[in-house]
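Each chain is listed here by its residues.
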Amino acid sequence: MKDALVPVLVVIGLLLLAGLTLFLVRRPRRGALPPTEQPRPGIERGEQVPPSVITAPAPEKAPERVTPTKPAVPAPAPPAAGETAPPVEAPPAPAAPEIEQPEPTAGRLVRLRARLSRSQNVFGKGLLGLLSRDHLDDDAWDEVEESLISADVGVQATTEIVAKLRERTRVLGTRTSSDLRTLLTEELTEALDPKLDRSLHTGVVDGRPSVILVVGVNGAGKTTSCGKIARVLVADGHTVVLGAADTFRAAAAEQLATWGSRVGAQVVRGPEGGDPAAVAFDAVKKGIEAGVDTVLIDTAGRLQNKVGLMDELGKIKRVVEKHGPVSETLLVLDATAGQNGLSQARVFTEVADVTGVVLTKLDGTAKGGIVIAVQRALGIPVKLVGLGEGPDDLAPFDPQQFVAALLGDE
Ligand SMILES: Nc1nc2c(ncn2[C@@H]2O[C@H](COP(=O)(O)OP(=O)(O)OP(=O)(O)O)[C@@H](O)[C@H]2O)c(=O)[nH]1
Ligand SMILES: [Mg+2]
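Everything numeric in this text was worked out from a predicted model, so none of it was measured.

Now for the overall build of the protein chain. Assigned secondary structure in the protein chain consists of 13 helices and eight strands. Relative to its full complement of 410 residues, the protein chain shows a buried share of 44%. For the protein chain, the proportion of contacts with a sequence separation of at least 24, taken over those separated by at least 6, is 79%.

Shown next as structure tokens:
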């Protein structure tokens, strides 16, 4: 009997020893800290506000740099009964939307010059070709005039440009292609009024953020431009709050929230169908509380009639100005709308104190001359130009760089 117990006791002893070893090996090391959650930069820098007012950062529609967080290996089997459960590795915290660092704004127009290729055919190839003819007779000048008008330069500006070119080519006599390029560069640049102030009115004024209202007709690119301008401002070191005062469409606020989350800008929004002026007011309030230097307000683009528009924009402005004056009103215009867009633009300049134009979709037109026509017709500087649908495809407008891009490479 005793002899039979010995192997049993040996087996039990071995099992106990194995259990003890397993326990010691798998015990968590003292001092190992649980994984900490990284603070999310940007979005949570500001103070918390009621969720009804501020959107949670919207998830990236198409995350470009966030890698999927799905585990690649299968989950470990549950521990056997009686075995000490090994410490479970915490699943990685859900990736916060990565805050992007937008491209610097200096040099954007140069980088995007190829987007003006359609206009380059008219100005660079077309005009330079015409002007290099041996005999610049009346017919040739008529052609120069037609091509400028067809590029939306406008009649008045075209007449002036052609008169100057005629005079200068006559004085010049023989013309080399580099003479002509210089001539055309100078006249087109002059027509763009290079001395106009095109800076955006941003930064803290009297202890309050600057307020920029963004207005324009349906589909001109207001919301997209607000998002892109926020990136321009962030790239230049500013801090921004966005106000989604287009309460007409729920999707508009979503669209803006997505743009905001990408650069860590808070987005203030209201209920669908709510009062746009109240949203604009709250956005400025939030901007003051959060200590940002610029508040950008997107508005709805319905142009039912002038009175309705005047009422709505007037109310937004009045209500916002309870905090302090609006610093800038940017009118967003679609370059492809041509002369038609100009008459709509006039309505806005009559109802709002427009201080700058954002000319979008220049990449989709051969009529780059619209920049000249817009400034002439409205007497307001083009401050930014849209050259594509990408997030950094909005460039500060620079007449010299623009003309160089229009004329293309030598
Ligand atoms: N190619 C090109 N497309 C642009 C540019 N700017 C805006 N868009 C496009 O124009 C379309 C309309 O833009 P939105 O920003 O929604 O226009 P909106 O003025 O806010 O429109 P509503 O809110 O309906 O009044 C979108 O598909 C944009 O991607 C640009 O510079 N180039
Ligand atoms: Mg919009």
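Still more ground to cover, so stick around.
Moving on, we get to the packing of aromatic side chains. For the coordinates displayed, the defined rule picks out one aromatic pair. The aromatic ring of W259 is capped on one face by R262, whose charged end is 5.9 Å from the ring centroid.

The environment of ligand 1 is made up of 20 residues, and the closest members are K222, T223, T224, D363 and E389. The separation between an oxygen atom of ligand 1 and a polar main-chain atom of G219 is 3.0 Å. Between ligand 1 and the protein, one listed contact pairs an oxygen atom with a side-chain N or O atom of R249 at 3.1 Å. Across the complex, the protein chains shield 79% of the 660 Å² of accessible surface that ligand 1 would expose by itself. Across the shell around ligand 1, the residue classes tally to three nonpolar, 10 polar and seven charged.

What follows deals with the nonpolar core. Counting residues in each nonpolar core, the largest one holds 84 residues, and the members touching the most others are F123, L359 and L362. Both of domain 1 (110-191) and domain 2 (210-354) provide at least three residues apiece to this core. Membership of the second largest hydrophobic core comes to 16 residues, among which are L213, A277, A280 and V319.

A word on unusual backbone geometry. Even without being a glycine, D152 presents a positive backbone phi close to 70°. Look at D152 and you get buried, because its relative accessible area is 7%. The phi dihedral of D206 falls on the positive side, at around 50°, and the residue is not glycine. Here D206 lies in the loop between α6 (177-191) and β1 (210-215). On the accessibility criterion, D206 (67% relative accessible area) is exposed.

Turning our eyes to something else, we now look at helix α9 (residues 276-290). For α9, with 15 residues, the first-to-last C-alpha span of 21 Å sits near the 21 Å given by 1.5 Å per residue. Among all positions in α9, only P276, A277, V279, A280, A283, V284, K286 and G287 are buried. Just downstream of α9, G291 is the residue with a positive phi angle, here 75°.

On to the side chain of E328, then. Mapping E328 onto the fold places it in strand β5 (residues 328-334). A distance of 2.9 Å separates a polar atom in the side chain of E328 from a polar atom in the side chain of T355. Among residues more than four places away in sequence, those in contact with E328 are S199, L200, H201, V211, I212, L213, T355, G356 and K383.

What follows is about the pattern of salt bridges. One side chain can pair with another of opposite charge once the charged atoms of both are near each other. Taken as a whole and judged by the stated rule, the model has 20 salt bridges. R231 is the partner of E100 in a salt bridge, and the nearest nitrogen-oxygen pair spans 3.1 Å. Note that E100 is positioned in the loop between α1 (2-26) and α2 (108-111) and R231 in helix α7 (residues 222-235), a separation of 131 residues in sequence. A residue is classified by how much of its surface remains accessible, and E100, at 8% relative accessible area, is buried. Between E187 and R168 there is a salt bridge whose closest N-O contact spans 2.9 Å. Residue E187 is located in helix α6, and its partner R168 is located in helix α5 (residues 155-172); the two are separated by 19 residues in the primary sequence. Looking at R168, the relative accessible area reads 29%, which means it is partly exposed. Each of E100, R108, R231, R262 and D392 takes part in a single network of salt bridges with overlapping partners.

What counts and what doesn't
Sequence order as written defines residue numbering, which begins from 1 separately in each chain. Naming scheme: in the order in which they are written, chains are lettered from A and ligands are numbered from 1. Where totals are concerned, whole chains, interfaces and linings use all residues; where local detail is concerned, this predicted model gives features only for residues with pLDDT of at least 70, and gives and counts side-chain atom pairs only at 80 or more. Side-chain numbers come from the whole structure's heavy atoms, not from hydrogens or water. Under the DSSP-based scheme used, a helix requires at least four consecutive residues in state H or I and a strand at least two consecutive residues in state E, with every element numbered from the N terminus. Burial classes follow relative accessibility: with a 1.4 Å probe on protein chains only, a residue under 20% of its type's maximum area counts as buried, one over 50% as exposed, and anything between as partly exposed. Contacts are assigned to residue pairs with any non-hydrogen atoms lying within 4.5 Å of each other. Planes of paired rings set the category: under 30 degrees apart is stacked, over 60 is edge-to-face and the rest tilted, where pairs are Phe, Tyr or Trp rings (Trp by its six-membered ring) whose centres lie within 6.5 Å. Whether a charge sits over a ring comes down to the Lys NZ or Arg CZ being within 6 Å of the ring centre and within 35 degrees of the ring normal. Near, as used in this document, describes a residue that has one of its heavy atoms within 4 Å of the molecule or strand being considered. Residues adjacent in sequence count toward polar contacts only when both atoms are side-chain atoms; beyond that, a polar contact is any pair of N or O atoms within 3.5 Å, and within protein one must be able to donate a hydrogen and the other to accept it. Computed with a 1.4 Å probe, the accessible areas rest on the Shrake-Rupley method; for each residue, only the protein chains presented here act as cover. Gly falls in the polar group here, along with every residue not listed as nonpolar (Ala, Val, Leu, Ile, Met, Phe, Trp, Tyr, Cys, Pro) or charged (Asp, Glu, Lys, Arg). What we call a nonpolar core is a set of buried Ala, Val, Leu, Ile, Met, Phe, Trp, Tyr and Cys residues that are connected through their side-chain atoms within 4.5 Å. Where each domain starts and ends comes from a domain assignment, either automatic or drawn from a database. For a helix, the expected span equals 1.5 Å multiplied by the number of residues minus one. The term salt bridge refers to a pairing of a side-chain nitrogen on Lys or Arg with a carboxyl oxygen on Asp or Glu at a separation within 4 Å.

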